[in-house]
Amino acid sequence: QVQLIESGGGLVQAGGSLRLSCAASGRTFSSYAMGWFRQAPGKAREFVAAISRSGGSTSYADSVKGRFTISRDNAKNTVYLQMNSLKPEDTAVYYCAAEYTYRDRWYASTEGYDYWGQGTQVTVSS
């Protein structure tokens with residue numbers, strides 16, 4: 001089992017940058033595929049980015065491709081989401097998710113993850 005704590009959210013102007021962090025408990029972080037999702041008010045939770053257990057494979061939603069970068073540091077039990085060129089439509093609560101996997105793969109749907117953080121608010125003003 002793993003516990004996830006997100007940080008790094010806040011208020012930023014359009015065009016600005018933020019880096020979200022997700023710290024995981026436990027000694028087997030490198031056995032988990034990790035993902036970032038977001039949920040805006042009145043909307044369903046949506047996929048943002050995912051990374052395999054080794055960090056060697058990543059995936060992004062089309063809406064953030066070229067602007068966001070997911071990475072992980074297995075020695076620090078942490079996954080990051082670097083968000084550049086932020087837009088007002090990026091405003092949402094951002095959630096970190098983890099799934100134990102025997103394969104070096106990522107998951108791009110909420111159903112693929114068993115463990116979730118509490119979320120961190122990102123607000124982008126125009």
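For every chain, the first residue of the written sequence is number 1, and numbering continues from 1 onward in sequence order. Since the coordinates come from a predicted model, pLDDT governs what is reported: local features require at least 70, and pairs of side-chain atoms require 80 or more to be given and counted, while whole-chain, interface and lining totals use all residues. To get the side-chain values, all heavy atoms of the structure are used, and hydrogens and water are removed first.

Trainee: Explain the overall build of the protein to me, using residue names and the numbers behind them.
Mentor: Helix and strand counts for the protein stand at zero helices and eleven strands. Numbering of helices and strands runs from the N terminus; a helix is a DSSP stretch of H or I covering at least four residues, while a strand is a stretch of E covering at least two. Shown N-terminal to C-terminal, the secondary structure of the protein runs as helices and strands in the order β-β-β-β-β-β-β-β-β-β-β. In terms of overall size, the protein behaves like a compact globule, its C-alpha atoms giving a radius of gyration of 13 Å where 126 residues would be expected to give roughly 14 Å. Sequence separation of at least 24 residues holds for 61% of the intrachain contacts in the protein that already meet a minimum separation of 6. Looking at the protein, you have 13 positive and 10 negative side-chain charges, and the mean spots of the two groups are 4 Å apart. We take the radius of gyration over the C-alpha atoms and set the globule estimate at 2.2 Å times the residue count to the 0.38 power. A contact between two residues is defined here by any heavy atoms of the two lying within 4.5 Å. For the purpose of charge, His is not counted, nor are the chain termini; Lys and Arg are scored as positive and Asp and Glu as negative. Lys charges are placed at NZ, Arg charges at CZ, Asp charges at CG and Glu charges at CD.

Trainee: Now, about the state of the cysteines: what can you tell me, with residues and values included?
Mentor: Whenever a pair of cysteine sulfur atoms sits within 2.5 Å, that pair is classed as a disulfide. According to the stated counting rule, one finds one disulfide in the structure shown. Bridging cysteine 22 to cysteine 96, the disulfide has an S-S length of 2.1 Å. Here the S-S torsion is close to -80°, and the disulfide linking cysteine 22 with cysteine 96 is therefore left-handed. Here cysteine 22 is found in strand 3 (residues 18–24), whereas its partner cysteine 96 is found in strand 9 (residues 92–100), with 74 residues between them in sequence. Each member of the pair, cysteine 22 together with cysteine 96, is buried. Between buried and exposed lies partly exposed: a residue is buried under 20% and exposed over 50% of the maximum accessible area for its type, with that area taken using a 1.4 Å probe on protein chains only.

Trainee: An account of unusual backbone geometry is requested, with residue identities and associated values reported.
Mentor: In this structure, asparagine 77 is a non-glycine residue whose phi angle is positive, near 55°. Relative to the helices and strands, asparagine 77 resides in the loop between strand 7 (68–73) and strand 8 (78–83). Phi angles above zero are rare outside glycine, and serine 85 is one such case at about 50°. Mapped onto the secondary structure, serine 85 falls in the loop between strand 8 and strand 9.

Trainee: Outline the pattern of salt bridges, listing residues and values.
Mentor: Here, a salt bridge means any side-chain nitrogen of Lys or Arg that lies within 4 Å of a carboxyl oxygen of Asp or Glu. Under the counting rule described, the total for this entry stands at four salt bridges. Between aspartate 90 and arginine 67 there is a salt bridge whose closest N-O contact spans 2.8 Å. In this pair, aspartate 90 is assigned in the loop between strand 8 and strand 9 and arginine 67 in the loop between strand 6 (58–60) and strand 7, connecting sequence segments 23 residues apart. Taking the relative accessible area as the measure of exposure, aspartate 90 reaches 1% and is therefore buried. Sharing partners across several salt bridges, the network here consists of Arg38, Glu46, Arg67 and Asp90.

Just geometry here; none of it tells us what the structure is for.
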